Amino acid sequence: MMKFRFRRQGHDPQREKIKQDLFAFNKTVEHGFPNQPSALAYDPKLQLMAIGTKSGAIKVYGAPGVECTGLHKETATVTQLHFFPGQGRILSLLDDNTLHLWEIEQKEQCSHLEEVCSFMLPGRSGIESTSATRVTVLLPKLSCDLLAVGTEGGGVHFLELPSFTLLDRSIFQDEIMQSVPEEYKCGKSLGPVESLQEHPQHPDKILIGYSRGLVVLWDLQSRHADNVFLGKQQLESLVWVRSGNSFVSSHSDGGYMVWPVSSSTPCTHEPVTSTIPYGPFPCKAVNKILWRTTESGAPLVLFSGGMPRASYGDRHCLTILQDSQHITLDFTSRVIDFFTIHCIDRDKEFDDPLALVVLLEEELVVIDLQTAGWPTIPSPYLAPLHSSAITCSYHISNVPTKLWDRVISAGQRQCHLQTHTNWPICGGKNLAPSPKQQELLLTGHEDGTVRFWDASGVSLRPLYKLSTANIFQTDCDHNDSLTQAGEEDWPPFRKVGCFDPYSDDPRLGIQKICLCKYSGKLLVAGTAGQVIVLYLCDEKSDHMIDVATVDLLQDREGFTWKGHDRLPPKSSSVPFAPGFQPVVLVQCMPPAAVTAVTLHAEWNLIAFGTSHGFGLFDYHRRSPVLARCTLHPNDSLAMEGPLSRVKSLKKSLRQSFRRIRKSRVSGKKRVMVQEANAQLAEQDAEVTPVQRRIEPRSADDSLSGVVRCLCFADTFLRDGTHHGPTMWAGTNSGCVYAYALDVPSQDKFSEQSVEALLGKEIQLMHRAPVVSIAVLDGRGNPLPEPYEVSRDLAKAPDMQGSHSVLIASEEQFKVFMLPRVSAKTKFKLTAHEGCRVRKVALVNFSSVASEDYSENGLVCLTNLGDIHVFSIPALRPQVRYDCIRKEDISGIASCVFTKTGQGEYFKKIFLKSRFYLISPSEYERFSLSARVITKPLCQLDVDRPHDPSELSPLSSPALDSPNSSADITLDTTGELTVEDVKDFLV
Amino acid sequence: MNKNHRVPSSRSLSAVEVKSKFGAEFRRFSLDRSKPGRFDEFYGLLQHVHRIPNVDLLVGYADIHGDLLPINNDDNYHKAISTAAPLLRLFLQRKEEADYSAFGTDSLTRKKTPAALAAVLLRPDANRKKPPIIISLPKDFRPVSSIIDVDILPETHRRVRLYKHGQEKPLGFYIRDGSSVRVTPQGLEKVPGIFISRLVPGGLAESTGLLAVNDEVLEVNGIEVAGKSLDQVTDMMIANSHNLIITVKPANQRNNVVRNSNSGGGAASGSSGRSSDSGASYYSYSTPGATAMTPSHIIQNFRPEEVESDDEEEDLVIEAGGDTRLAPRPAAGATASYSMPTLPRYEPHLNLRPSNGAMATSASVGSLSAPDRGLERRNLEEDGTVITL
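What you see is a predicted model, and the numbers here were worked out from it, not measured in a lab.

A. How the structure looks around the overall build of chain A. In terms of regular secondary structure, chain A is built from 14 helices and 61 strands. Taking all 986 residues of chain A together, the buried fraction comes to 58%. Counting contacts in chain A only where the partners sit at least 6 residues apart, residues at least 24 apart contribute 60% of the total. Accessible area of chain A: about 40,800 Å², with a carbon and sulfur share of 50%.

Have a look at this one:
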């Protein structure tokens, strides 16, 4: 059978070499907050924090810039993480009941997390069912040579570390029962092991807490229960008081008890104190409690949960108690785990906690415990990008220092509520060189805010937050004040954290952003057709905003907008803090979501488009220049408005919460349900095969008038000799409008108005949506941005040769010569590959081989998640990489390509797929340029006294005998070198 | 020279009287109707009787309907002999000077109407009394579908071309995922495939009769679909919908093209040899073999490049002044793009043959051409050219 191939270029080895020097695909960094965190651990010696996720990832963080990641082979939830203090080793427990040992490996200044071995507790035949060996708690001893494992069956097993050898020293409940008085026994089992805690002073003693309430102090040497504490409340957690003279237990009734430990009384019936802080009405369980002594006096008690069931049972709270001080931290998402950073030096008498670190489902909150009032410490990483759902993003590379400094100073004035205590988690050294150029990432959110992030380095740092909601009259303000006033004094709630997925008015959502980095002019457009022009201003101001309304329907008859109303602007003057301050509001009518914007600060023009048409506005003179309707006469869907068809956000949130509550069944049941669901899904697939209709796009498809892209260019539209300002607009139905603009010279801006004249209208015959339009100069290079030529920042474009326009549709790329608009080259991507264009960008690729060789390329991300690079203007395919999973629709939709400033560095950012509620929380970065150093930017230089991987290969016989392993326990913070260790081993 | 082709002296009913015209010269001879021999022998005979041994000829004859039809292989040669009653009028042309439009099958050059040309050839005396019977003028027809590449595809496969032409009639079919069984060295293997799941009544796909439910789609416009998802194949088909070429493995294998191997195996292999490297636009009816070998099917060849460049695709550019034109192509591409599309149009007269059961080629007269559409669009946009607020 004859196989057809479309024409392929011959494999020119020289060209292949050049391509190798230009292109290389690497995933580099992940930004943002890990999706669905499920476990937390802290190593006080190395000062590293580890977070495990439901997808089986482990992320280790130290000082800002110090990060490393590991991913379990199994995609099971990481339920527990434990550091071996000082060893750079992490123990993880997955919900499939397997234990995994990870090591931080050091390779050429980069750190990696590598899995060393895994272990599963063997089930015992006969007596115990499999659930009996299900691990509930882990306790790696501080000496790092022994691991105690508590199970659901109530047994405690001991494993030798790091070899995971099961020792024949298990403690079973019958053994314990012998020390328990008869009246306590009552025939029931003690329940699962809920907590294991090592005695702070005597490493040989561990505290074992059973679900039923019994707590036992066990001596590992004598294999005998020293004390038993006959708790009668269901146990949730245990914590030692530093002295070892007492411990604290927390219970499911919302209370906690302090128990005395004395060798004289082997059987304690009652605690010293027992409190239910939020009683007397029924309370929820106190899931975890910490007790930290302070030099200044009263101990700090920190616990999660325990809220009155009826009134605040749905809150996610963590309480800090000290003497008479009481604060209930009120979070917007579930508390996963928390720890304190405190003194671990055994010689010191007090814990003296520095900070409290709380891992929530959606963010990380750190509280400064040393400063009065316990303020929060801003986090330099793990930024909750998704604090409000991200609706769009915009990237600016090579940001001028002037703009950068002004944004930073505006941002600093915003965060006066936060303490400036140094970040307490500071393990490792960031060896990454400081970035050569500044990069800004702007994210638009559903609540109408635009957040500015420092995207130059490994960690995405929040710089500045701009809110556009304050220029509108919305209900939100009232709501806020009402809830504030309605809140009672008790419990003393304090809202902490910035994750707030609730948006009361989805119309505020930001749809499109455009920033001129040279003039500091920002264009922000939203869901209700609002287009806002903002100027960067260093002084605070109080002014009225100019409002202009542009009718994009142009008096078309027979159309009634059925969607949402416009946002009413405030009629009085509004105070604005230093930063980006709104100056002009252009309201599109009907108020449909803005689908495209562009800004030309040199011409003082903005262009914007919706599903009905597009407009051009002179923001200097505050006067509309042009409005054009693109609506097809038969298009009724365009008049619906998106919000009427989407169920309300609040409703969907409520449903999600209900679903979460329902899913709180035991892990095993959940697995069974999942399996059943999977089977059902399979059956469904077989019953109804999916059909696809094959029909060409028709001219009267719905939403064909949606304006997909807009661009300004100084080029030849009317004839081949005179170039001038032009504006281009592309629609969903493959139509391109080109306008010649008459822009007055700089000094006449105020007197003379801008004129726009339709020059060309191009209907692409294949009718696919136009994704992007760009004008290329005579040499085939993209035109520079505004101001770049006038300020000598870029090479002037070739205005001699003939220009061409590159029109990228969802199906094909075409280059047309200007001014005649004659087809020059094309590439039909969809016809050849069956994939559709989602995102395109013109990118400058620099060669690794030679400093000054670079090529412009057209980068295209398809609906299959692969990336293609084409040469321009020839449109020859260069390389192709798989980038995003094709199922990851949101990831593909959120991909942002960076332009190149200097043509030296090229990176792109996209949102990671995983969805929780409505907001994805992570950005993943990848690079297509070979020029970028391919090693991960997250360089972690752990300052460890010894390297465990060299110290203890798992087969090392020296570690197999308990004696020798005890000998080389290197838990003291001695300044050992690798050489010392080698000597020792020899 | 074969003995069969010696000019017999005696006339009988079993003889065919041949009157052959080349330029201004006539030759007359007769052939045995029962033993016509092969085409290449006949061809040699013609060169011999006209004394033009080294001239490449295009042989045409007037059939009973008065149509000028080509003789270029054994099949149509035998047809011509068997239908001669008893005079067989032949018209010879030099190949290099040949005017293909005379055959009434051509859309390449339409300076003169084929009918008029045929008339000139058939009745050299311009003072003819009645006009020839005109059947199926090609310009009145537009191809809607065709089976192509019969000579290069396995007999179990069928390559169907659907011409959408911007007409109202929908393509009218659906595709689905499925699995098919392949023979591999390891034995039979189930592999995922794409199948036609539904034909819309009255749609283009159904009306051609060339596609059926459960036919497996193997290629779309020359690109294999193996390994591609249903959505990808859908997108590929839609992207090519104006000129869709689908290679299918029909679910019903009984209507397959059967190559007539006993009558002209040699010619067939020769034709496929030529087909793979020949892009000549007149190929389908000037090369011995293809056309008449399987008279019940239309056989055309195309190269992927030809699929690439089709005039359907010209984008519409509306100048500010109001004139509409197609986006022009630069010089190099122009020749290709204007000559290529004409190539695969089918020969309408074949439609009238009695033996075309398997070939269901429908034609519709008139279509909304691209400029028309453009004008229409222009009209509806007229009201809002430039509005300054």
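Resuming the write-up.
B. Expanded view of unusual backbone geometry. All names here are of chain A. Following M589, the chain continues into P590 via a peptide bond in cis, with omega recorded as -5°. The residue P590 is located in the loop between β41 (579-589) and β42 (596-600) in this model. Note that the residue after I872, namely P873, is joined by a cis bond; omega there is 0°. Here P873 shows up in the loop between β57 (866-871) and β58 (877-882).

C. A look at the packing of aromatic side chains. Enumeration according to the criterion identifies 23 aromatic pairs over all chains in this entry. Plain terms: the ring middles of Y381 of chain A and W423 of chain A are 5.4 Å apart, the flat faces sit at 80° to each other, and that makes the pair edge-to-face. Taken together, the residues Y381 of chain A in the loop between β29 (364-368) and β30 (390-396) and W423 of chain A in the loop between α5 (401-412) and β31 (440-445) connect sequence positions 42 residues apart. W423 of chain A carries the same exposure label as Y381 of chain A, and that label is buried. Ring centres of F39 of chain B and Y43 of chain B lie 5.8 Å apart, and the angle between their planes is 40°; this geometry places the pair in the tilted category. Here Y43 of chain B and F39 of chain B lie together in helix α1 (residues 39-50), a separation of 4 residues that amounts to about one turn. Taken together, the aromatic side chains of F229, W240, F247 and W259 of chain A make up a single cluster linked through ring pairs. Above the ring of F338 of chain A, the side-chain terminus of K288 of chain A is found at 5.2 Å from the ring centroid.

D. Inspection of a nonpolar patch on the surface at higher detail. Residues and elements named next belong to chain B. On the surface, V181, V183 and L188 cluster together into a nonpolar patch covering about 340 Å² of accessible area. If you trace the backbone, V183 turns up in strand β8 (residues 173-184). With relative accessibility at 72%, the residue V183 sits in the exposed group.

E. Looking closely at the pattern of salt bridges. Scanning the model with the defined rule gives 34 salt bridges over all chains in all. One salt bridge in this structure joins D546 of chain A and R622 of chain A, with 2.6 Å as the shortest N-O distance. Pair noted here: D546 of chain A is in strand β39 (residues 546-551) and R622 of chain A is in the loop between β44 (613-618) and β45 (623-629), with a separation of 76 residues, a long-range link. On the basis of relative accessibility, which here comes to 35%, the residue D546 of chain A falls in the partly exposed class. Residues D235 of chain B and R836 of chain A are paired through a salt bridge, measuring 3.6 Å at the closest nitrogen-oxygen approach. Pair noted here: D235 of chain B is in helix α5 (residues 230-239) and R836 of chain A is in the loop between α9 (829-833) and β55 (837-846), and the two residues belong to different chains. On the basis of relative accessibility, which here comes to 11%, the residue D235 of chain B falls in the buried class.

Reading guide: rules and limits
Per chain, residue numbering runs from 1 following the sequence as it is written. Chains and ligands are labelled sequentially in the order written, the chains with letters from A and the ligands with numbers from 1. Where local features are concerned, this predicted model is filtered to residues with pLDDT of at least 70; where side-chain atom pairs are given and counted, the filter is 80 or more; whole-chain, interface and lining totals use all residues. Computation of side-chain values covers all heavy atoms of the structure but excludes hydrogens and water. Where helices and strands are cited, they refer to DSSP runs of H or I of at least four residues and of E of at least two residues respectively, numbered from the N terminus. Remark: exposure states derive from per-residue accessible area (1.4 Å probe, protein chains only) relative to the maximum for the residue type, with buried under 20%, exposed over 50%, and partly exposed in between. In what follows, a contact means two residues having at least one pair of non-hydrogen atoms within 4.5 Å. Computed by Shrake-Rupley with a 1.4 Å probe, the accessible areas treat only the displayed protein chains as cover when residues are assessed. Between 30 and 60 degrees the pair is tilted, below 30 it is stacked and above 60 it is edge-to-face, where a pair is any two Phe, Tyr or Trp rings, Trp via its six-membered ring, whose centres lie within 6.5 Å. As a reminder, the over-ring test applies to NZ of lysine and CZ of arginine, requiring each to be within 6 Å of the ring centre and within 35 degrees of the ring normal. Without a salt bridge and with relative accessible area above 30%, a residue can belong to a patch; like charges are then joined within 9 Å and nonpolar side chains (Val, Leu, Ile, Met, Phe, Trp, Tyr) within 5 Å. Throughout this description, the term salt bridge denotes a Lys or Arg side-chain nitrogen within 4 Å of a carboxyl oxygen of Asp or Glu.

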